Amino acid sequence: MTSDDRSFPLPTPRRRFFKKAAAISATLGAAASAWVGATDPRSGSVGVHGALAADGTGPLKMAFIQWQPHTVPAAWSKGIEEVLKDQPQTQYKLLDGQNKVEVQVSLMDALINEGTAVIFLQPIDSVALAPSINKAKRASISVITLNIDATAQHAAHVEMSHYYGAMEIARVMGEKMGGKGEVAILNAPPGIIIRDQRTNGFVEGLKKHHPNVKVVADQVADWSRKKAQDVLATILNAKPGLTGVYGVNDSMALGAVDVAKEKGLLGKLVIFGNDGEKDALESIENGELTGTQYTDVYQQGRFAASAATVLASGQVPATAFKKQAHLLMPFVIATRENVKQIQPSQRW
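Residues numbered from 1 in each chain as written. Predicted model: local features only at pLDDT ≥ 70, side-chain atom pairs only at ≥ 80, totals over all residues. Heavy atoms only, no water.

Undergrad: Any chance you could explain the overall build of the protein chain here in plain terms?
TA: Within the protein chain one finds 10 helices and 12 strands. Out of the 348 residues in the protein chain, the part that is buried amounts to 55%. A sequence separation of at least 24 residues applies to 77% of the contacts in the protein chain between residues at least 6 apart. Carbon together with sulfur atoms contributes 51% to the accessible area of the protein chain, which is approximately 14,200 Å² in total. (Helix = DSSP H or I, 4+ residues; strand = E, 2+ residues; numbered from the N terminus. Buried < 20%, exposed > 50% of the residue type's maximum accessible area, 1.4 Å probe, protein only. Contact = heavy atoms within 4.5 Å. Areas by Shrake-Rupley, 256 points an atom, 1.4 Å probe, with all protein chains shown as cover.)

Structure representation (structure tokens):
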């Protein structure tokens, strides 16, 4: 099951966007057997874990290993909990990967040894976590990744639309720039797949929609608001004619807003972020940040948890699963024209 994100061009009424998201959520449990990918764990593919222990009395254990504490995984976890709280036999916990591969690997081992039914994972390294995912599969434990995929085949992957969303950012940003000008990208460190998806989508979007908007700088700012301030200040010294900034996450985009305020460039620099966190939406409303790609990450967590409950119920046979599921979340490009359509209950 895949959502075609391009069906959400601007402007998008909020109720149409969320009505579609709600409809998908409502049918996910019933449809999961059609899209969640797996085969027999004994053959080295994705497993299905029974809902209870062998004697039928034990709890159903699920856990989420996040990269490190941040607003995005916190919202995923809240969405997961909203679904699982209605499952009386389920025990759920959120674990901190501490931004260290070795910590995530150790936590995976611990969860496997505990007989966890489903592991939600935000892998720090798509390759390094593959052996742990394979180990979980051999133990008939289903793994569902969030936002960052892994190279090992697993049950399902639920992500924001990094590539197509960035293409749409480029289209709207170019319009705000009048179809011409110079842009700097404040980027994530190399080696992270969503960095490539968001960067490539943005660059391709400019080529397609606004060929006269040129990317003149692409610098790493480590997902950090403070680092983005320093990086953009340096870029502006070298490129004083800069007219646009794209931060591949909202923290870096808000760092660019800080610099624009300091240098009197608000209203002169078109600044876009990506994710749609609460602080970014407030900045848009205040006339500072120009826009961002908004995704309902609560809903993203709910989708993942809905799939997990079907997998762990034991009601769907392993032979029904043919390949790994990949679900792209719907999105909307939020700007000052439409940001108020995103209600307080949808902000994270």
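Undergrad: For this particular structure, what's the right way to read the layout of surface pockets?
TA: Empty space among the atoms becomes apparent when a probe as large as a water molecule is rolled across them. Each pocket or cavity is described by its volume, and for the largest pocket that value is around 330 Å³. Along the walls of the largest pocket sit 15 residues, with Trp67, His70, Gln122, Trp223 and Asn249 positioned nearest its centre. Among the secondary structure elements, those contributing two or more residues to the lining of the largest pocket are helix 2 (71-84) and helix 6 (193-209). For the lining of the largest pocket, the residue count by class is seven nonpolar, six polar and two charged. (1 Å grid on protein atoms, 1.4 Å probe; cavity = no way out; pocket = protein on both sides within 12 Å on 5 of 7 lines; lining within 4 Å. Points joined across faces, edges and corners; volume = space filled by probe spheres on them. Nonpolar A, V, L, I, M, F, W, Y, C, P; charged D, E, K, R; others polar.)

Undergrad: Can you help me understand the sheet that holds strand 8 (residues 244-247) in this one?
TA: In a beta sheet, neighbouring strands pair by backbone hydrogen bonds and run either parallel or antiparallel. Across the sheet, six strands lie side by side as 7-6-8-9-10-12; this open sheet has mixed pairing. Each edge of the sheet is formed by a strand with only one pairing partner; in this case those strands are strand 7 (213-220) and strand 12 (332-335). Direction aside, neighbouring strands of the sheet carry axes that sit 20 degrees apart on average. Direction of pairing for strand 6 (residues 181-187) relative to strand 8: parallel, over a ladder of four bridges. (Pairing = 2+ DSSP bridges. Axes fitted to C-alpha atoms, helices over the stretch in contact; angles between N-to-C directions.)

Undergrad: Would you mind showing me how to read the pairing of strand 1 (residues 60-66) here?
TA: Looking along a regular strand, one sees the side chains alternate between the two faces of the sheet. With respect to burial, strand 1 is a largely interior element, six of its seven residues being buried. In the classification by handedness, the crossover that spans strand 1, the intervening helix 2 and the parallel strand 2 (residues 90-96) is right-handed. One ladder, built from four bridges, connects strand 1 with strand 3 (residues 118-121); its direction is parallel. Counted as the bridge partner of Met62 is Val118 from strand 3. (Right-handed = clockwise from strand over helix to strand, strands pointing away.)

Undergrad: What's the story with the packing of aromatic side chains in this structure? I'm lost.
TA: In this description, a pair of aromatic rings is defined by centroid distance and the angle of the planes. In total, this model carries four aromatic pairs according to the counting rule given. Judged by centre distance (4.3 Å) and plane angle (25 degrees), the rings of Phe202 and Tyr246 are stacked. Taken together, the residues Phe202 in helix 6 and Tyr246 in strand 8 connect sequence positions 44 residues apart. Owing to a relative accessible area of 0%, Phe202 belongs among the buried residues under this scheme. (Phe/Tyr/Trp six-rings, centres within 6.5 Å; stacked < 30°, edge-to-face > 60°.)

Undergrad: I'm lost on the side chain of Thr309 in this one. Help?
TA: Along the polypeptide, Thr309 turns up in helix 10 (residues 297-313). In terms of polar contacts, Thr309 uses its side chain to reach the backbone carbonyl oxygen of Ser306, at 2.8 Å. Apart from the residues within four sequence positions on either side, Thr309 is in contact with Met62, Val83, Leu84 and Gln87. (Polar contact = N/O pair within 3.5 Å; in protein donor to acceptor, adjacent residues only side chain to side chain.)

Undergrad: So what exactly am I meant to see when it comes to the sheet that holds strand 1 here?
TA: The strand order 2-1-3-4-5-11 describes an open sheet built from six strands, whose pairing is parallel. The open sheet terminates on both sides in strands that have one partner only, identified here as strand 2 and strand 11 (325-328). Strand after strand, the sheet turns through a mean of 15 degrees between neighbouring axes, direction not considered. Judged from the three bridges that link them, strand 4 (residues 142-146) and strand 5 (residues 156-159) form a sheet pairing that is parallel. If you follow Ile144 over to strand 5, its bridge partner there is Ala156. Sheet strands touched by helix 3 (residues 101-113): strand 1, strand 2, strand 3 and strand 4. Its angle to strand 1, the strand with the most contacts, is close to 180 degrees.

Undergrad: Would you mind showing me how to read unusual backbone geometry here?
TA: With the exception of glycine, most residues fall at negative phi, and the peptide bonds are largely trans. Its identity as a non-glycine residue notwithstanding, Gln98 has a phi of 60 degrees, on the positive side. Tracing the sequence through the fold places Gln98 in the loop between strand 2 and helix 3. For Trp223, which is not glycine, the phi dihedral falls at a positive 65 degrees. For Trp223, a relative accessible area of 23% puts it in the partly exposed group.

Undergrad: Would you explain the side chain of His162 in this entry?
TA: Residue position: His162 is located in helix 5 (residues 162-176). Residue classification places His162 among the buried residues on the basis of a relative accessible area of 1%. Looking at His162, its side chain comes within polar contact range of the main-chain oxygen of Asn147, at 3.3 Å. Apart from residues no more than four positions distant in its own chain, His162 is found in contact with Asn147, Ile194, Gln197 and Arg198.

Undergrad: For this particular structure, what's the right way to read the packing of helix 7 (residues 225-238) against helix 8 (residues 250-262)?
TA: Contact geometry of helix 7 with helix 8 gives a least axis separation of 7 Å together with a crossing angle of 55 degrees. Judged on the interaxial angle alone, helix 8 and helix 7 are oblique. Considering the relative orientation of helix 7 and helix 8, their crossing is right-handed. Where helix 7 abuts helix 8, its residues Arg225, Ala228, Gln229, Leu232 and Leu236 lie against Ser251, Met252, Leu254, Gly255, Ala256, Asp258 and Val259. (Parallel < 35°, antiparallel > 145°, perpendicular 65-115°, else oblique. Left-handed = near helix turned anticlockwise from the far one by under 90°.)

Undergrad: Can you help me understand the nonpolar core in this one?
TA: One recurring pattern in soluble globular proteins: nonpolar side chains tend to sit buried together. Ranked by size, the top nonpolar core spans 78 residues in total, and within it Phe120, Ile144, Leu186, Phe202, Leu232, Tyr246 and Ile271 carry the most contacts. With nine residues, the single largest contributor to this core is helix 10. Sequence-distant contacts of Phe202, defined by excluding residues within four places in its chain, comprise Ala166, Met167, Ile169, Ala170, Met173, Val183, Ile185, Val215 and Tyr246. (Core = buried A, V, L, I, M, F, W, Y, C linked by side-chain atoms within 4.5 Å.)

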